[in-house]
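So you can see what is in the structure, the chains are spelled out below.
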Amino acid sequence: MNAPLGTTGLILDEPLLWERGRPGRRGACLPPADVPPSPLDPELCGDGPDFPDLSEVDLVRHFTRLSTWNYGVDTGFYPLGSCTMKYNPKTHERQAALKGFAAAHPLLPASLCQGALQLIWELERDLAAITGMDAVSLQPAAGAHGELAGMLVIHAHHQHQGHQRAKIIIPDTAHGTNPASAALCGYRPVAVASGPEGVLEPAAIEAVMDEETAGIMVTNPNTLGLFETHIREIAAIVHAKGGLVYADGANLNAVMGIVDMAAIGVDVIHLNLHKTFATPHGGGGPGSGPICVRRQLEPYLPVPRVVKDGDQYHLETDRPLSIGRMGSFHGHFGVMVKAYSYIRSMGADGLRRASELAVLNANYLKEKLKQDFHLAYDRPCMHECVFSDRRQAPFKVTTLDMAKRLMDYGFHPPTIYFPLVVHGAIMIEPTETESKEDLDRFVTAMRAIAEEARTEPETVKSAPRYTKVRRLDEVTAARKPCLVG
Amino acid sequence: MKEINELNLPEDLRYADDHEWLRPLETAARIGISDYAQDQLGDIVYVELPAVGRQLAKGEEFGTVESVKAVSSLYMPVGGEVTAVNEQLAEAPELVNTDPYGQGWMIEVKVADPAEVDALMDRAAYLKALGG
Amino acid sequence: MRYLPHTPEEIQEMLAVVGAESLDQLFFPIPPACRRQSALELPAPLSEWALDARMDALAARTAVAPQAKVFLGAGSYDHFIPAAVDALAGRSEFLTAYTPYQPEISQGTLQAIYEYQTLACRLMGTEVATASHYDGATALAEALLMAIRKTGHRRVAVSRLVHPHYRQVAATYLHPAGYEIVELPYRPDGTTDLSTVEAEPDLAAVAIQSPNFFGCIEDLAAGAAAAKGVGALLVAGFTEALAYGLLKSPASQGAEIVAGEGQSLGLPRSFGGPGLGMLGTRQAHVRSLPGRLVGKTVDQEGRQGFVLTLATREQHIRRERATSNICTNNSHCALRAVMYMAALGGTGFRELAVLNHDKAAYLKQALAAAGHRVPFTRPIFNEFVVDFGTGFEAVHRRLQDAGIVAGLPLEADYPELAGCYLLCATETASRQDLDLLVKEVSR
């Protein structure tokens, strides 16, 4: 089993930004000073920031070289579980850069920004259609921000009912953002373990759900890549005690056009436009985390709301029950433009096909890899599957070692050590944009690593060898933080 | 990670379920975490300790200990007033790894109820609790 | 569909491996009652060129320069962005990467964010800065929560001259957990009245924005002293980062936490987002900071490298006890910001800041000379308030129809300022544009 290494090329060094340049150089033009100088009181003035002076060439070389040390979706296969690293279409960048979008001031009078408002209004309707929910707010800036908005909606709902609640149910497979977002509303998380099949069991919810519990936060499909088959019974239990069901929509990519979120009992769901709707993640953001709600929760959505009146659009802020404003303006409009472009390019059939192929790709990898890697739950999966390092443990080779070795083979590693309920988890989400031959190449590399773990474990444990840097000293970085140069 | 028979568990200390140790002194008691605990946590990068003078009950959290990717709470093996904290750990948290019973100690407390000290495990009982 | 590579034959081969007869059969774990009964109702898919036409049409229905003259600031500023910034930020190695969880193949993002943190500190005067937050408003809200954690106090005092949206976001973040916000009034000169601070109990923070929402430069040192007097921290906010090319930095005047908006640093306005939340503080407070941090370290061969660090503060480890729930931040916006700051350099950044001040000062003087009242006397940076009088609404609307936006009416947020407008002039406004505005509003 010979897999070709993916990295044997040229890696250029580059110093820190301020080690380049000379005072007096410049990389940008200023317009002519066509007004008289008007000196400001020197008492108020500082010396100006100590930025390095670079020419445009210095600048371009510096950041171009840095970029070559990165691995992106455009570089290759990026099976980072729970992150939906699908291909980001190039046309999205063109659309978001249109002057009428990119240069638009957020406080333009409504008559001067009809195009932007129409786009927001239509995208809200598209997302409502895709989820089956009734109303959408595009204000939240990222997934965790959407979770916070959703929790605030639930908090406002209970407040309006006249009795605030103290707790929220969160399964042990949840993303860490779930309990952190709930805590901002003052809710105390109540952990519930998933059953032996890797999904929640109604009895476990029945046992903890009471009238002091605001509801449940459930990711569906969950982070094990399994559909929560009892979701409707669970929702009924929560609703019977006056609670609400919050869905973390991070894994929507598995079920577009397949599952109706309202039909399964969801009251609030957040989506990640930077996952499911193919907007680039930018090395950590910006994302966009819209929330979609059932009709009865619409009054609580963040302000401003985009309203259509005849054929005119405007913003409204006078919503007395609203949880308030979530950000400086109207959310990440630049990201919305890309998600809108994606939905309008794919259409209903295209989105459903994307989910079908995402699930096909994940099940294909699951079947191809399960001979060599321990599968945490050997069941048909949705868009991702979770392995562990149990079979490599006898050779003292860990999940981390294998993740690092994958880099030498030219792949981005999967998500590792998450979900926490699987010891040494390896969480693989291929997405639908990967072709069979790319999946097969990945399988070949993974099998080669399994073989290396048996026969030459040191090779795996000392990986990566061909990257810009090798394993980094994270302990010293945390003990003696050096955060500024 | 160490096997159980590789652990250093001094005879003259008392041990708690949450892997803290306690050493009775003249007027107070010194507290830290066991060799087992430091080994499980791995390289310790930060220790957060309470202010001197705080009154804490048995079982109450007195601080946290952090590795690169984990945080663990520290619990009072006995109740009492915090009379000293190991300031050295702010600069050198690795002492908890290298010398958990010596320079890696964490706090000293004035024990409220000596019976709580007696209720802690001795070496043999702790070793048994660890499954050894 | 051009993003979906599977041929029908490949689908059949893969289904055979999986042991399913059809794509539909893959979904059998989903109970029928959870399934959609009908296809999604969405508009028919567009080809790439049809999409271009649709988006061109939507974009054309928004007023932007040069056809429109928009004299609006108020948290979103028109600055020229060099083509090099767009080209470099658009490199897909940066754009299509995820959060740098695997540092060995993310050194580009990591070094660039470390460089951003460094230049952000040099701008704000702080000892540390985070890798980014969503925007100025959420950065300020997080700063207030941080002050609450640091001090153990449960109330914060926020100036009425902090951007109204930022105050509303602070309320959204603080109220559900039971924290209280008190407002500090403003003085006739257009700066915050600090005289009520000393009587306020249990204060964690005093929050002041400078330049404030009226464009006036605040006395942050006085704010720091007032905060210190009651055991609170001064949280200094800003909406116009370029101002600190000219003004004393907030931390140098005693701000313990600095939080604001970095959109001016090379980000298009983009109808308000994405922006860049900037947040900095002293090294001593670093473990209370919300959000990601990049640190410098070495690899096993001793070579310099960068990692995400101090992660134990964050949600994926500390869960409900984390310093924030933030995960995805605005990293790519921070990347643009460091590119922009480096493109201008210290020399260029200073000159640009001076030019902004000169343009706004010119417009302010010209309007005053034309007989318009300028109600606040404190010095400004690149925006200021003018009292056009209560009858001006019709003129404002008429100018709108001609593509001129003559400032932001303040009455909605400040009922006592009916007839007053907030105007902004940056380097992109030519003298001709400014003269035209003065002429039009004075007719």
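Residues numbered from 1 in each chain as written. Chains lettered and ligands numbered in written order. Predicted model: local features only at pLDDT ≥ 70, side-chain atom pairs only at ≥ 80, totals over all residues. Heavy atoms only, no water.

Caption draft 1: How the structure looks around helix α11 (residues 393-401) of chain C. Residues and elements named next belong to chain C. Looking at α11, one finds that the buried residues are His396, Leu399 and Gln400. All buried residues of α11 fall inside an arc of 105 degrees around its axis, so they share one side. Buried residues belonging to α11 abut β12 (404-405), β13 (408-409), β14 (420-424) and α12 (431-441). Just downstream of α11, Gly403 is the residue with a positive phi angle, here 80 degrees. (Buried < 20%, exposed > 50% of the residue type's maximum accessible area, 1.4 Å probe, protein only. Helix = DSSP H or I, 4+ residues; strand = E, 2+ residues; numbered from the N terminus. Arc of directions from axis to C-beta. Contact = heavy atoms within 4.5 Å.)

Caption draft 2: Region of the structure containing the pattern of salt bridges. Across all of its chains, the model carries 67 salt bridges over all chains by this definition. Salt bridges here are not isolated pairs; linked through shared partners, they connect Glu124, Arg125, Arg295, Glu298 and Arg305 of chain A. (Salt bridge = Lys/Arg side-chain N within 4 Å of Asp/Glu carboxyl O.)

Caption draft 3: Quick peek at the pairing of strand β9 (residues 294-298) of chain C. Residues and elements named next belong to chain C. Two elements, β9 and strand β10 (residues 304-308), share five bridges in a ladder whose sense is antiparallel. Paired with Lys296 across the bridge in β10 is Phe306. Taking the residues that link successive antiparallel strands as the turn, the β9-β10 hairpin has five residues, and the phi of Gly302 there is positive, at about 85 degrees. (Pairing = 2+ DSSP bridges.)

Caption draft 4: Structural view of the confidence of the model for chain B. For chain B, per-residue confidence averages 94 on the pLDDT scale, and 99% of positions sit at 70 or higher. Of all the helices and strands in chain B, helix α4 (residues 114-118) of chain B carries the lowest mean pLDDT, 92, while helix α3 (residues 95-98) of chain B carries the highest, 97. (pLDDT = per-residue confidence, 0-100.)

Caption draft 5: Up close: the packing of aromatic side chains. Overall, the coordinates contain 27 aromatic pairs over all chains when judged by the stated rule. With a centroid separation of 5.9 Å and an interplanar angle of 75 degrees, the aromatic rings of Phe238 of chain C and Tyr244 of chain C are classed as edge-to-face. Side by side, Phe238 of chain C and Tyr244 of chain C carry an identical accessibility label, which is buried. The structure contains a cluster of three or more aromatic residues connected by ring pairs, namely Tyr186, Phe213, Phe214, Phe376 and Tyr414 of chain C. When the ring centre of Trp105 of chain B is taken as reference, the NZ or CZ atom of Arg30 of chain B above it lies at 4.1 Å. (Phe/Tyr/Trp six-rings, centres within 6.5 Å; stacked < 30°, edge-to-face > 60°. Lys NZ or Arg CZ within 6 Å of the ring centre and 35° of its normal.)

Caption draft 6: Layout of the domain arrangement of chain A. Residues and elements named next belong to chain A. When its domains are assigned, chain A resolves into domain 1 (92-345) and domain 2 (350-475). Opposite the 27 residues of domain 1 that make contact, domain 2 presents 20 residues. Roughly 1,900 Å² is buried in total at the junction of domain 1 and domain 2, and carbon and sulfur atoms are behind 62% of that figure. Taken together, the connections running from domain 1 to domain 2 amount to zero salt bridges. (Domains from an automatic or database assignment. Buried area = accessible area lost by both parts, 1.4 Å probe.)

Caption draft 7: Looking closely at the interface of chain B and chain A. Tallying the contact residues gives nine residues for chain B and five residues for chain A. Buried surface at the junction of chain B and chain A, both sides included, amounts to about 580 Å², of which 50% is carbon and sulfur. Summed over the shared surface of chain B and chain A, the result is two salt bridges. At the boundary of chain B with chain A, the tally comes to four residue pairs in polar contact (both at pLDDT 80 or more). Tallied by class, the residues present in the side of chain B that touches chain A amount to four nonpolar, one polar and four charged. (Polar contact = N/O pair within 3.5 Å; in protein donor to acceptor, adjacent residues only side chain to side chain. Nonpolar A, V, L, I, M, F, W, Y, C, P; charged D, E, K, R; others polar.)

Caption draft 8: Highlighting the interface of chain C and chain A. Opposite the 182 residues of chain C that make contact, chain A presents 196 residues. Taken together, the two surfaces of chain C and chain A that pack against each other cover about 16,400 Å², and 64% of this comes from carbon and sulfur. On the chain C side of the interface with chain A, the three residues burying the most area are Tyr98, Glu104 and Phe271 of chain C, jointly 6% of the side's total. Salt-bridge contacts for Lys359 of chain C lead to Asp34 of chain A; the nearest nitrogen and oxygen are separated by 2.6 Å. At the surface where chain C touches chain A, the tally comes to 84 residue pairs in polar contact (both at pLDDT 80 or more). Counting residues per element, the side of chain C that touches chain A draws most heavily on helix α10 (residues 331-369) of chain C, at 24 residues.

Caption draft 9: Just the environment of Ser331 of chain C, in detail. Relative to the helices and strands, Ser331 of chain C resides in helix α10. When the C-alpha atoms of Ser331 of chain C and Asp435 of chain C are compared, they prove to be 39 Å apart, with 104 residues separating the residues in sequence. Setting aside its immediate chain neighbours within four residues, Ser331 of chain C contacts Gly282, Gly283, Gly284, Gly285 and Pro286 of chain A together with Thr109, Ile113 and Ser132 of chain C.

Caption draft 10: Spatial organisation of the pairing of strand β8 (residues 305-309) of chain A. Residue and element names in this part refer to chain A. Two strands pair when backbone bridges link them, and β8 and strand β9 (residues 312-316) are joined in this way by five bridges, in the antiparallel orientation. Paired with Lys308 across the two strands is Tyr313, which belongs to β9. Counting the residues between successive antiparallel strands, the hairpin from β8 to β9 contains two residues, one of them, Gly310, with a positive phi of roughly 65 degrees.

Caption draft 11: Examining the sheet that holds strand β7 (residues 71-75) of chain B more closely. All names here are of chain B. An order of β4-β6-β7 is seen for the three strands of this open sheet, with the pairing classed as antiparallel. The outermost strands of the open sheet, each flanked by one partner alone, are β4 (46-48) and β7. Mean inter-strand twist for the sheet, computed between neighbouring axes without regard to direction, equals 20 degrees. In the sheet, strand β6 (residues 61-66) pairs with β7 via five bridges, with the strands oriented antiparallel. Directly across from Val65, in β7, lies its bridge partner Ser72. (Axes fitted to C-alpha atoms, helices over the stretch in contact; angles between N-to-C directions.)

Caption draft 12: Representation of helix α8 (residues 231-240) of chain A. Residue and element names in this part refer to chain A. Of the residues making up α8, those classed as buried are Ile231, Ile234, Ala235, Ile237 and Val238. Looking straight down α8, one finds its buried side chains confined to an arc of 160 degrees; they lie on one side. Where the residues of α8 are buried, they touch α7 (202-208), β4 (213-219) and β5 (244-248). Count one or two residues on from α8 and you reach Gly242, which has phi positive near 80 degrees.

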